[in-house]
Amino acid sequence: PHSSQPPVSTAYSAAPPPSYTQAPPPPVSSAPSQPPPPSGPAASQQYYGSPPPPSQQPFNSSLPPTSQQQFTSSSVPPPPSQQTLPPSSYSGPVPPPSQAPAPPVSLPQPAFAAGPPPTAPVSFPPRAPPPSSQPGSFPPPGPPPTSAPSCQYPGPMPPQQQPPPSQPFPYHSGPPPPRAQMPPTSMAQSNHLPPGPQGPPGPPGPLQQPPSQPGMPAGYPPQQNGAFGQVRGPQPGYAGPYPGQPNYGAPAPAPAPAPPAQKRLDPDAIPSPIQVIEDDKAKSTEPFTTGVRGQAPPLVTTTFQVKDQGNASPRFVRCTAYNMPCTADMAKQSQVPLAAVVKPLATLPPDETPPYLVDHGEGGPIRCNRCKAYMCPYMQFIEGGRRFQCGFCSCVTEVPPHYFQHLDHTGKRVDCYDRPELSLGSYEFLATVDYCKNNKLPQPPAFIFLIDVSYNAVKSGMVNIVCQELKTLLDYLPRENPEMESAVRVGFVTYNKVLHFYNVKSSLAQPQMLVVSDVSDMFVPLLDGFLVNVNESRLVIESLLDQIPEMFADTRETETVFGPVIQAGLEALKAADCAGKLFVFHTSLPIAEAPGKLKNREDKKLIGTDKEKSLFQPQVGFYNTLAKECVAQGCCVDLFLFPNQYVDVATLGVVPVSTGGSVYKYTYFQAQSDQERFLNDLRRDVQKLVGFDAVMRVRTSTGIRATDFFGSFFMSNTTDVELAGLDCDKAITVEFKHDDKLSEETGALMQCAVLYTSCSGQRRLRIHNMAVNCCSQLADLYRNCETDTIINFFSKYAFRGVLNNPTKAVRDTLVNQCAQILACYRKNCASPSSAGQLILPECMKLLPVYLNCVLKSDVLLPGADVSLDDRAYLRQLISCMDVAETHVFFYPRLLPLVRPRTQHRSLLDEEGRLFVCFMWAAASKRKGSCCICSFTSSACCQPVHYYQHCSVQPDENKSA
Amino acid sequence: MMTTYQEFIQQNEGRDGVRFSWNLWPSSRLEATRLVVPVSCLFTPLKERPNLPPVQYEPVLCSRANCKAVLNPLCQVDFRAKIWACNFCFQRNPFPPSYAGISEVNQPAELMPQFSTIEYIVQRGPQAPLIFLYVVDTCLEEEDLQALKESLQMSLSLLPPNALVGLITFGRMVQVHELSCEGIAKSYVFRGTKDLTSKQIQEMLGLTKPAASGQQGRPPAPQDGAASCRFLQPVQKVDMNLTDLLGELQRDPWPVPQGKRPLRSTGVALSVAVGLLEGTFPNTGARVMLFIGGPPTQGPGMVVGDELKTPIRSWHDIQKDNARHLKKATKYYEALANRSAVNGHSIDIYACALDQTGLLEMKCLSNLTGGHIVMGDSFNTSLFKQTFQRVFSKDYNGDFRMAFGGVLEVKTSRELKICGAIGPCVSLNSKGSCVSENEMGIGGTSQWKVCSLNPSTTLGFYFEVVNQHNAPVPQGGRGAIQFVTQYQHSNTQRRIRVTTIARNWADAQSQIQHIESSFDQEAAAVLMARLGVFRAESEEGPDVLRWLDRQLIRLCQKFGQFNKEDPTSFKLSESLSLYPQFMFHLRRSPFLQVFNNSPDESSYYRHHFVRQDLTQSLIMIQPILYSYSFYGPPEPVLLDSSSILPDRILLMDTFFQLVIYHGETIAQWRKAGYQDMAEHEIFKLLLQAPLDDAQEILQTRFPMPRYIDTEHGGSQARFLLSKVNPSQTHNNLYAWGQETGAPILTDDVSLQVFMDHLKKLAVSSSA
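Residues numbered from 1 in each chain as written. Chains lettered and ligands numbered in written order. Predicted model: local features only at pLDDT ≥ 70, side-chain atom pairs only at ≥ 80, totals over all residues. Heavy atoms only, no water.

## Some thoughts on the overall build of chain A
Rule in force here: Secondary structure elements follow DSSP: runs of H or I of four or more residues count as helices, runs of E of two or more count as strands, with numbering from the N terminus. To sort residues, take the accessible area from a 1.4 Å probe on protein chains only and compare it with the maximum for the residue type: under 20% means buried, over 50% means exposed, and anything in between is partly exposed. Throughout, a residue-residue contact means that at least one pair of heavy atoms, one from each residue, lies within 4.5 Å. For accessible areas, the Shrake-Rupley method is used with a probe of radius 1.4 Å. Any residue's cover is judged against the shown protein chains and nothing else.
When its secondary structure is counted, chain A shows 42 helices and 25 strands. Counting every position in chain A, which comprises 960 residues, the buried fraction comes to 66%. Within chain A, counting contacts between residues at least 6 apart in sequence, those at least 24 apart form 75% of the total. For chain A, the accessible area works out to roughly 31400 Å², and carbon and sulfur atoms hold 53% of it.

## Side note on the environment of asparagine 438 of chain B
All names here are of chain B. Assignment of secondary structure puts asparagine 438 in the loop between β18 (426-427) and β19 (447-453). Classification of asparagine 438 by relative accessible area gives partly exposed; the value is 38%. A C-alpha to C-alpha distance of 23 Å links asparagine 438 and threonine 44, two positions 394 residues apart in sequence. The residues contacting asparagine 438, other than those within four sequence positions of it, are Cys419 and Glu464.

## Quick notes on the sheet that holds strand β8 (residues 387-389) of chain A
Residues and elements named next belong to chain A. Note the cut-off: Any two strands are treated as partners once DSSP identifies two or more bridges connecting them. In this analysis an axis means a line fitted to C-alpha atoms, helices contributing only their contacting stretch, and an angle means the value between N-to-C directions, from 0 to 180 degrees.
With respect to topology, three strands assemble into an open sheet ordered β7-β8-β9, the strand pairing being antiparallel. In the strand order of this sheet, the two ends are held by β7 (380-382) and β9 (396-398), each with one partner. The mean angle between the axes of side-by-side strands here comes to 30 degrees, regardless of whether they run parallel or antiparallel. Where β8 meets β9, three bridges bridge the pair, whose relative direction is antiparallel. Along β9, the bridge assignment pairs glutamine 389 with valine 396.

## A look at the environment of lysine 417 of chain B
Residues and elements named next belong to chain B. With respect to the secondary-structure elements, lysine 417 resides in strand β17 (residues 416-422). Given a relative accessible area of 27%, lysine 417 falls into the partly exposed group. When neighbours within four sequence positions are excluded, lysine 417 is seen to be in contact with Thr412, Ser433, Cys434, Val435, Ser436, Tyr462, Phe463, Glu464 and Val466.

## Observations concerning unusual backbone geometry
Most of the time, phi is negative for any residue but glycine, and the peptide bond is trans. Residue and element names in this part refer to chain B. Each neighbour pair has its own omega, and for phenylalanine 702 with proline 703 the value is -5 degrees, a cis peptide bond. By secondary structure assignment, the location of proline 703 is in the loop between α19 (681-700) and β29 (706-711). In this structure, valine 36 is a non-glycine residue whose phi angle is positive, near 70 degrees. Inspection of the secondary structure assignment puts valine 36 in the loop between α2 (29-34) and β3 (40-43).

## Observations regarding a nonpolar patch on the surface
All names here are of chain B. Let me state the cut-off plainly: What goes into a patch is any residue over 30% in relative accessible area without a salt bridge, connected to like charges within 9 Å or, for nonpolar side chains (Val, Leu, Ile, Met, Phe, Trp, Tyr), within 5 Å. Salt bridges are defined as contacts in which a side-chain nitrogen from Lys or Arg sits within 4 Å of a carboxyl oxygen from Asp or Glu.
A cluster of nonpolar side chains, namely Phe630, Tyr631, Trp669, Tyr674, Met677 and Ile682, defines an oily patch on the protein surface of about 590 Å² accessible area. By the secondary structure assignment, tyrosine 674 is in the loop between α18 (664-672) and α19. Accessibility expressed as a relative area gives 31% for tyrosine 674, which makes it partly exposed.

## Considering the UniProt feature "domain: Sec23/Sec24 trunk" (unreviewed entry) in chain A
The cut-off we apply is this: UniProt positions are given in the numbering used here, feature names are shortened, and annotations may be inferred rather than shown by experiment.
Per the UniProt record, "domain: Sec23/Sec24 trunk" (unreviewed entry) is found at residues 442-686 of chain A. Structurally, residues 442-686 of chain A is divided into 33% helix and 17% strand, and its ends, taken at the C-alpha atoms, are 21 Å apart.

## Some remarks on the interface of chain B and chain A
We count it as follows: In short, buried area is how much 1.4 Å probe accessible area vanishes from two parts on joining, totalled over both. Definition of a polar contact: a pair of N or O atoms within 3.5 Å, with one able to donate and the other able to accept a hydrogen when the atoms are protein atoms, and with sequence-neighbouring residues admitted only if both atoms are side-chain atoms.
Each side of the interface is counted separately: chain B has 18 residues, and chain A has 27 residues. Regarding the contact of chain B and chain A, the summed buried area is about 2000 Å², with carbon and sulfur atoms giving 56% of it. In terms of surface lost to chain A, no three residues of chain B exceed Ile184, Arg191 and Gln250 of chain B, which account for 31% of the buried area on that side. Our enumeration of links across chain B and chain A arrives at three salt bridges. Inspection of the region where chain B meets chain A yields 11 residue pairs in polar contact (both at pLDDT 80 or more). Sorting the residues of the side of chain B that touches chain A by element identifies β10 (173-178) and β11 (185-191) of chain B as the ones contributing at least two each. With seven residues, the top contributor of residues to the side of chain B that touches chain A is β11 of chain B.

## Structural notes on the side chain of arginine 588 of chain B
Residues and elements named next belong to chain B. Here arginine 588 is to be found in helix α15 (residues 579-588). A polar side-chain atom of arginine 588 sits 3.3 Å from a polar atom in the side chain of aspartate 748. If we ignore the near neighbours within four places in the chain, the residues touching arginine 588 are Gln593, Ser722, Lys723, Val724, Pro726, Asp748 and Val749.

## Let's talk about the pairing of strand β15 (residues 580-586) of chain A
Residue and element names in this part refer to chain A. The criterion, for reference: Handedness of a crossover: with both strands directed away from the viewer, a clockwise path from the first strand across the helix to the second marks it as right-handed.
With seven of seven residues buried, β15 lies mostly within the body of the structure. By the bridge criterion, seven bridges tie β15 to strand β16 (residues 635-641) in an arrangement that is parallel. Residue leucine 582 lies in a different strand from β16, and its bridge partner there is valine 637. For the handedness criterion, the β-α-β arrangement of β15, helix α31 (residues 622-633) and β16 is classed as right-handed.

## So, the sheet that holds β3 of chain B
All names here are of chain B. Spatially, four strands are ordered β1-β3-β20-β17 in an open sheet, and the strand pairing comes out antiparallel. Because the sheet does not close on itself, it has two edges, and the strands there are β1 (18-20) and β17. Taken pair by pair, the neighbouring strands of this sheet meet at an average axis angle of 25 degrees, ignoring direction. Both β3 and strand β20 (residues 459-465) contribute to a ladder of four bridges, which runs antiparallel. Bridge assignment links phenylalanine 43 to a residue of β20, and that residue is leucine 459. Each of β1, β3, β17 and β20 is contacted by helix α13 (residues 521-538), which is oriented at about 95 degrees to β20, the strand it contacts most.

## Notes on the side chain of glutamate 735 of chain A
Mapped onto the fold, glutamate 735 of chain A is located in strand β21 (residues 732-738). Those residues in contact with glutamate 735 of chain A that lie beyond four places of it in its chain are Leu338, Ala339, Arg705, Ala706, Thr707, Asp708, Phe710 and Phe793 of chain A.

## Some remarks on the domain arrangement of chain B
Residues and elements named next belong to chain B. Convention followed: For each domain, the first and last residues come from an automatic or database assignment. Polarity classes work like this: nonpolar for Ala, Val, Leu, Ile, Met, Phe, Trp, Tyr, Cys and Pro, charged for Asp, Glu, Lys and Arg, and polar for all others, with Gly in that last group.
You can read the domains of chain B as domain 1 (5-54 + 114-123 + 400-519) and domain 2 (131-205 + 229-391). Taking only C-alpha atoms, the centre of domain 1 and the centre of domain 2 are 35 Å apart. Each side of the interface is counted separately: domain 1 has 13 residues, and domain 2 has 21 residues. Taken together, the two surfaces of domain 1 and domain 2 that pack against each other cover about 1200 Å², and 60% of this comes from carbon and sulfur. On the surface where domain 1 and domain 2 come into contact, there are zero salt bridges. The interface formed by domain 1 and domain 2 holds three residue pairs in polar contact (both at pLDDT 80 or more) in total. Of all the secondary structure elements, the ones that give two or more residues to the side of domain 1 that touches domain 2 are β16 (403-412) and β19. At three residues, β19 tops the list of elements feeding residues into the side of domain 1 that touches domain 2. Residue composition of the side of domain 1 that touches domain 2, by class: seven nonpolar, five polar and one charged.

## Observations regarding the pattern of salt bridges
Per the counting criterion, the structure on display carries 73 salt bridges over all chains. Ionic pairing is found between lysine 730 of chain A and aspartate 727 of chain A, a salt bridge with its closest N-O pair at 2.9 Å. Aspartate 727 of chain A shares its class with lysine 730 of chain A; the two are buried. Arginine 339 of chain B is paired through a salt bridge with glutamate 278 of chain B; the nearest N and O atoms lie 3.1 Å apart. Of the two residues, arginine 339 of chain B is situated in helix α9 (residues 326-342) and glutamate 278 of chain B in helix α7 (residues 266-280); the sequence distance between them amounts to 61 residues.

Written out as structure tokens, the structure is:
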């Protein structure tokens, strides 16, 4: 156990890097060592023998490796995409892994200690230990205990078992369950207690029988056995397509053989993300219709068309599970998070209809009297259509006369299909004045550009670029109707230690500069002439943008302020009585005397300590207060950073993150090389559709409740998500918890209503309805969940966790939960299999791989060269990502680049392809797909700079 | 005898700009007090003297440290020893070497009697340019703002080319415009609600080296150009730029909601103006010219809130202690005024609005710094436009009729002490042996600062005879007073004007007749009026009136001839005959009566009353009424309701208003258009005559009076009716049964009644 901890860390650190690097050179012999990092995750995904353990944290490193190795070999064929893995997997690896396991069994600890190499092998055995936990699990709570699965392993089990008992303790005692094996333990925690008692039975007996019995007794036996038996049937069915799939079917059998079997694990049977993605693509040829409750949509990587037939499109809402457990106990047992990722204003492809706008007249949208849910397909009309019963709270409400309609023989309203709110999953209501701030219809929003003109900003070329670009960009302000002129007004401010506002009123021949030096008590010096219509003031604005770079060309001012800058924008919006967005272009740590002044607190020594979390927290409370004010005014802040040194992103980002804004960061910005990247971001940021002053409320049917929210927003109470700005790229992850039993008949309903002001100044409500099934069998849950969404939830959960917990604890929690999920599956849903066998549900077969990626992200496990700012930046970046984005972010796509020039042959593989890892990175969210395209289609495209995680050196990359 | 005195008085006034209440001084303190009217004088320091060329050397001073009196014609000179004796402290001083050639036949100008007033040009120190800082309210109606902008643009051409000019505009915010920049017009903005210290202001304006707060005697040197010049530039350099800037001036862009007043940050704007000058040009002649179109409604110095439903304070509110902002605002502006005065910067207020603009609170800005106050209804009136233009009028030499940074010092011979001064000045707290402990007006000092002066600026000085009764002044002795005025001439020269006067002492017991006949009742009326007005600023109106009455009664008792308890026997000698009448009108004047006047108007009237010369002051106390008729040439008539006749045209000059009143018949004729008929040419001429005379007055007076052309029954006739003595009212009209004159609907007492009472009280032994 002791060793286990170290291994964990070592494994990780060692593993990841090596994996990448090593990967290419597919070291046959050293397979074990190689397996660890990169491939590890991938490999682990497959149900590899050790599956359960892999899920567990420590193991990850170790386990993955093993799996990787094996997988790699197996995956090799398909996975060309996974560079590292394939190689490693080949020849060498396979054997070693198998061997490894064996030894590990005996020397589990050493193995761990050893670290990477052994890990792979070790992992397996160790996992066996988990089994120990299994027993525990069974007992009371933890049927889910992942450990159960491990038990299955024949060989390893025994030896491990013994250790296991001890292990559990460690876990219990210490959150930091050192054991790599422990993974289960963590889960076990709940289970653990039980394990104690059961422990004994578990270990020995369990091995073979355990699966069935232990679980069974717990109370869900029927599921397991019954379901499982049957499940099996289905599983194989699933499996069909992938080589990996076989796992289910195959693994079970395989395990039986015991350790040796592991060795022989068929590499082809290992799940590969690429394969899964490809397969899903192949499967999804039909448009996806949302009419069927509980149906999981195609993966985010698949291109498909959606037809709204009563539930929100997966582009708006994706759930972790489309079949929710009926009871809280089941949910707890499975540990599968119940969450939805909502992207309320998502952009739809051109072939899909955007949500219809419904106007219910002066009375406003029709709502349930009690829970205030909005009219939707879940409302049941009764009494001939005179009343309707709410699908969420069952309250009966009178239908207002103007909305009355007769029912047909099926009890449906005759006009059902004429009304979007009765037939569609997503639509919009026109809000009345009651839904507006101060009961006043909103003014059109405003965009304010606040440009740092201190020495660094001017010297790096940023000021010049921004000013030049704005001249054209201002013609592309967001508008709902492309024919119309944008209603958005614009204003300009430059600043260093003081602020300069500009009067660009159309009647002026020249812009006027108004200097405000009183930064301690910010105010807006003018109203009329500050926010203007672009077309009316075009000449003055252009003149201004031409002159700004000149005016400050010789500036020697190096100090900047930041708090007052946002205050200025906020005050301007307040004065104009409108909502809006601030675009702040900022370069340095604000050290000038002013509110919100910051100190340089970069201290790398804190990394890895319990104080590490403080680095993610803002250093002053000022910005939290300011953010609150911004939200109240509907003032969204987008921050573009051009730092040459530490700027304290964790603090500067508070306002953007709380107001639904974005942070962009261009470290060491150089006009020549970074211009394109920055401009792409800027263009998209300015043009994208955005709503303001938004409030999101998630209502659910009885039995579940939205309990937690993740994203860029502010919450002043526990139910309302307030977003000063909400653009089409922002997603909010909502976690649900049971507060009662759900019924399989009615399923679980949720309605996400977003009240916002459109960019034309119209107050609207966007409604997304989602109904999912409920199940009393855990197998149904596992059959209808979505790993990508789960990862989205996990990552947001973990990245928020680092604010208050040591990163290590956060990592451990993740690993434990994953292990528990899989353990629960093994115990309750899978048919008995060998103790060393990792059993992965079809829908979650990539879970371990992906989770490993999360664990190795710079936030949770920073490399030596990752700055604090980068971590803080990434942490905030993730918070508003949707599923597709987290998917690419955590599992970067690796694309073959057609050989450009021969002299770089050294970089090329034998097929003449240069492997380039594309990292979905910092700045340009949307650019991801574009860049990939250009890589695949053209070899001479502009090199991408996201080489943070690339295995190819940047320079070489560029030369390509 | 009388004629002698009148000539003497006129001659003195013409030469020295001095009018004394008594031209013979009682030789003891006791006697002096019994005279009721103190020994006092009106002094016009810069009285225009075309025949007085300044001398190009510096004055010779008495060498006694606490005297420093200037050599003057009253000094005894020993030409042989080249020694002169100071006539104030009797110190014997040698002449400076440059006076070596002095002899009885070769005397310097300052020793000649006709040079009792003499002006020296001091060649020391760098010449500082004049500074004009416009502080402009932008919360104006479009039409008003346009007119104001034009006036300001026009004024640029009137300024001396090397004068520095600056611009501050304000509404809800305060903007200090940078005048030196090319391209984008740049200004620094201050929040209108925040009171900033001078230091903060200078820091925020980027005046990197804020000068140590101005101290006395610091040489008036502009700070290093670069910093300050961004805001204050020579007119010749920036007039184009500034003309454009003024042209583009927008109305305050902040919306004014229904039922609200615009937010006007006058207080902060002034604070910034004062802070800017303080930091850049301390002790240099400068004019801050404030143009306002309404009351300050926010920030420090706020006079009224922005809610229209809350009206601006009235006298009624003030008496009920119901003026919420009054004390705070007054205090704020006084502090600003004092800072400004210390640095020698004067502040003008040009207030044009139909309602009050807060002059009551702000008056001290001008009163303490010698600035002008001009009150009008709109900037788009000739009253404002011409008055403003007249600020820049020039004298016979082509120099501006304005002087800056004046320091006026008074020296007295030992039998006298100085009690105080009343006028547009502040005390410099210079205590000396000639300063009395008995304060009248601004006392406790022998030096006053008058930041801005013009040729008509007149101060009242009050003295006390300290000679004890038992220590008689030697026969033939004379008391002397010396006024030393140092100032910056508008051509930027430093100058010193010295006026030395002397009067004979007289024993009041034996020579009371002489003293009585030396009484200058006009000067005395104005001097007493100033005392009354000065008191009225701090005391309740009725108390002041009672005090004035008391003084009048005592004077009548002292000098009247009567038999006890017999009012009909009461008589006053000629030298006092008009005095009670002046007092009668003074009691009715807007300086002491607030009825029918807003607090702003009262402040405005008082402001001018305490600075104008004697003639103008008398007009203010007792307006002049001329009558035009077919029966003879225009003639002055009694300011009495009996003068209002149907076939007369009246021209009344109250200083502030010029009223032409057409009698009933004349008005009918005019309406019938007789003046346009050839056969009634003479009528046309009659109509024209008062217009021409009015025009003459309008041409010269500053500020330009409100011109009112009205007729019998016209609403504006009230201006006339409120001034005339109500000898006929609705109460006595029928009793008198006369057909002449116009009854005044008032309960005010008439002069007749007033005099009756006065006589009764004067002869009463109990009074």
